Amino acid sequence: MSLKRKDLLSLAPLSAEEIKLILETADSFKEVTGREIKKVPALRGRTVVNLFFEPSTRTRTSFELAAKRLSADVINFSPSSSSVVKGETLLDTARNIEAMQADIIVLRHSSAGAAETLARGVKSSVINAGDGWHEHPTQALLDLYTIRERGLSFQGLRVAIVGDVSHSRVARSNIHALTKLGAEVRVVGPPTMIPMGIDKLGAKAFYNLDDALRGVQVIMMLRLQLERQGRALFPTIREYARLYGLTAERVKMAEPGAIVMHPGPINRGVEIAPEVADSLSSVILDQVANGVAVRMGILYLMSGAN
Amino acid sequence: MSEIPIKASMTPNRQQERLVMEAGDMTRAMTRIAHEILERNKGVKDLGLVGIRTGGVHLAHRLVRRIQDIEGVAVPIGELDITLYRDDLSLRKEQPVLRKTSVPFDISGKIIVLVDDVLFTGRTIRAAMDGLIDLGRPAEIQLAVMVDRGHRQLPIKATYIGKNIPTSRDENIQVMLEEAGEDDRVVILKGVKEMER
């Protein structure tokens, strides 16, 4: 089987088989990233453009490293240094990049649906690296890869996603992917941060962290977007930390051996206690390392001739 | 598919086959190659075998067992997937499925015998040598194949050959192996053009 898609915009339309293919492909690249010479010639002569309209270090660096390890040429475009500040539209920017014969465009944008709009307007393959509150498919795929690497199987797996689910593209992509693979997904946070109708995506809503953690094998923490404070989503950071912060005590509520994940950057002492972030159950740095292998796999699969 | 069967056979999927090596021929070829490897390299010192996925991996395991029978030593073995080194990746619409490379020993300074089932255009071997050299710097690379069918497109030559089988370009030669759920045999399939390798 192969991935018969021009773009990777969202995990919602992907089949379980397609998701598994991506994870298995990433296995091969995990081996490559463990070599002394971490480079293969698979994307020689191809051009990958990172088009990032939102600040991001981790995701952009990860894509850049992934493309370079596949021997592709990489260009980074960010709005501050481009003509976007001069009023050029997204599509015009992208068409200019395409005219330079970019094969793959990796897009990060603050508006949901930006990647979809772009994909319709250009012939290059488009990979969504986060669009507003919509989706962040490559993050969810690397989360899945990290879970699988720990020897956990998805069928019947109990996962708690903790935090501001409403505003989290990471949560949405993970809910789509995990439920497709047969996992039981619980979302937990203050009622202001749990969207209405989340059950329609196949996730179960909880408002008490201790209840939600009971018996889970995976605890997925979301970053508390401190910039949202003052929008009446939660009264104070201290109260949020007390009710929804993951402490060593709370980890004990989960199944023994449960893993703790976080997409980063972490707010130590807010959503996650420092001793939990640095504990053996934390796989946060594995997620970062796996990100490169998973993105290499995605770039490889998307690199078929157009 | 409407061609007249060349070799009468009970199983319908064998109707288009022409048998060129039987199980016994293959066993004897493997035993001879094992001896040749040992003779050429004066034993097993610094020797390592690397099979090219998928057929070559099975054959490499067989050679390791033969060598162990003769010398009483298990030589290290690795498995190589050459997909990422293919020269036609930028031409394909969909990328081929990757399988894992696993070479669990240091190949630097070793004599590496690459093992494949069929030697055809030589492009697979070119890719395999590039893939191997990314893992280290072998002292020497040798090549063992079950069948050399000719039609080389690159200046590549096998060190050890099970059997030379002259073919026409549009024939498809296949090494069927027990490990892949078949009866051991080498056949020419009629009317099915083989992917160039």
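Here goes a summary of the coordinates provided. (Residues numbered from 1 in each chain as written. Chains lettered and ligands numbered in written order. Predicted model: local features only at pLDDT ≥ 70, side-chain atom pairs only at ≥ 80, totals over all residues.)

It is worth spelling out the overall build of chain B at this point. A count of helical and extended segments in chain B gives 3 helices and 8 strands. Starting at the N terminus and walking to the C terminus, you meet the elements of chain B as β-α-β-α-β-β-α-β-β-β-β. Sorting the 197 residues of chain B into buried and exposed places 37% on the buried side. Partitioning the intrachain contacts of chain B with sequence separation of at least 6 by distance along the chain shows that 69% fall at a separation of at least 24. (Helix = DSSP H or I, 4+ residues; strand = E, 2+ residues; numbered from the N terminus. Buried ≥ 20, exposed ≤ 12 C-beta atoms within 10 Å, placed from the backbone. Contact = placed C-beta atoms within 7 Å.)

A few words on the packing of helix α5 (residues 137-149) of chain A against helix α11 (residues 284-301) of chain A. Residues and elements named next belong to chain A. One way to put it is that α5 packs onto α11 with a least axis distance of 8 Å and a crossing angle of 115°. Crossing angle aside, the handedness with which α5 passes α11 is right-handed. In contact with Thr 138, Leu 141, Leu 142, Asp 143, Tyr 145, Thr 146 and Glu 149 of α5, α11 contributes Asp 286, Gln 287, Asn 290, Gly 291, Val 294, Arg 295 and Ile 298. The residue inventory of the contact of α5 with α11, partitioned by class, reads 5 nonpolar, 5 polar and 4 charged. (Axes fitted to C-alpha atoms, helices over the stretch in contact; angles between N-to-C directions. Left-handed = near helix turned anticlockwise from the far one by under 90°. Nonpolar A, V, L, I, M, F, W, Y, C, P; charged D, E, K, R; others polar.)

All names here are of chain A. Formed by 143 residues in total, the largest nonpolar core has its most connected members in Ile 105, Val 162, Ile 219 and Leu 299. Counting residues per element, this core draws most heavily on α11, which supplies 8 residues. Lining this core are residues from two domains, each supplying at least three of them: domain 1 (16-134 + 291-301) and domain 2 (151-282). Discounting residues that sit within four places of it in the chain, Ile 105 has contacts with Val 49, Leu 51, Ala 94, Ile 97, Leu 118, Val 122, Ser 124 and Val 126. (Core = buried A, V, L, I, M, F, W, Y, C linked by C-beta atoms within 7 Å. Domains from an automatic or database assignment.)

Here we come to the interface of chain A and chain B. Contacts between the two partners involve 17 residues from chain A, matched on the other side by 17 residues from chain B. Elements that contribute at least two residues to the side of chain A that touches chain B include exactly α1 (16-33) and α11 of chain A. The leading source of residues in the side of chain A that touches chain B is α1(A), at 4 residues. Its residues placed into classes, the side of chain A that touches chain B shows 7 nonpolar, 6 polar and 4 charged.

All names here are of chain B. Spanning 18 residues, helix α1 (residues 23-40) covers 26 Å between terminal C-alpha atoms, matching the ideal 26 Å at 1.5 Å per step. On the buried face of α1, the contacting elements are β1 (17-21), α2 (55-71), β4 (111-119), β5 (140-148), β6 (160-164) and β8 (185-189). Phi turns positive, to about 55°, at Lys 42, one or two residues after α1. (Expected span 1.5 Å × (residues − 1).)

This part covers the packing of helix α3 (residues 90-99) of chain A against helix α4 (residues 114-121) of chain A. All names here are of chain A. With their axes 10 Å apart at the nearest point, α3 and α4 run at an angle of 50° to one another. Relative to α4, α3 is oriented oblique. Seen along the crossing, α3 lies across α4 with a hand that is right-handed. Between α3, through Leu 90, Leu 91, Ala 94 and Arg 95, and α4, the contact on the second element is made entirely by Ala 114, Thr 117, Leu 118 and Gly 121. The residue makeup of the contact of α3 with α4, split by class, is 5 nonpolar, 2 polar and 1 charged. (Parallel < 35°, antiparallel > 145°, perpendicular 65-115°, else oblique.)

With that settled, the discussion passes to the sheet that holds strand β5 (residues 158-162) of chain A. All names here are of chain A. A sheet is described by the order of its strands in space; here 5 strands give the open sequence β7-β6-β5-β8-β9, paired in parallel fashion. Lying at the two open borders of the sheet, with one neighbouring strand each, are β7 (203-206) and β9 (259-261). Pairs of neighbouring strands in the sheet enclose a mean axial angle of 20°, with direction left out of account. Here strand β6 (residues 184-188) pairs with β7 via 4 bridges, running parallel. Bridged to Val 187 within β7 is Ala 205. (Pairing = 2+ DSSP bridges.)

Note that every value here comes from positions in space, so none of it alone points to a role or purpose.
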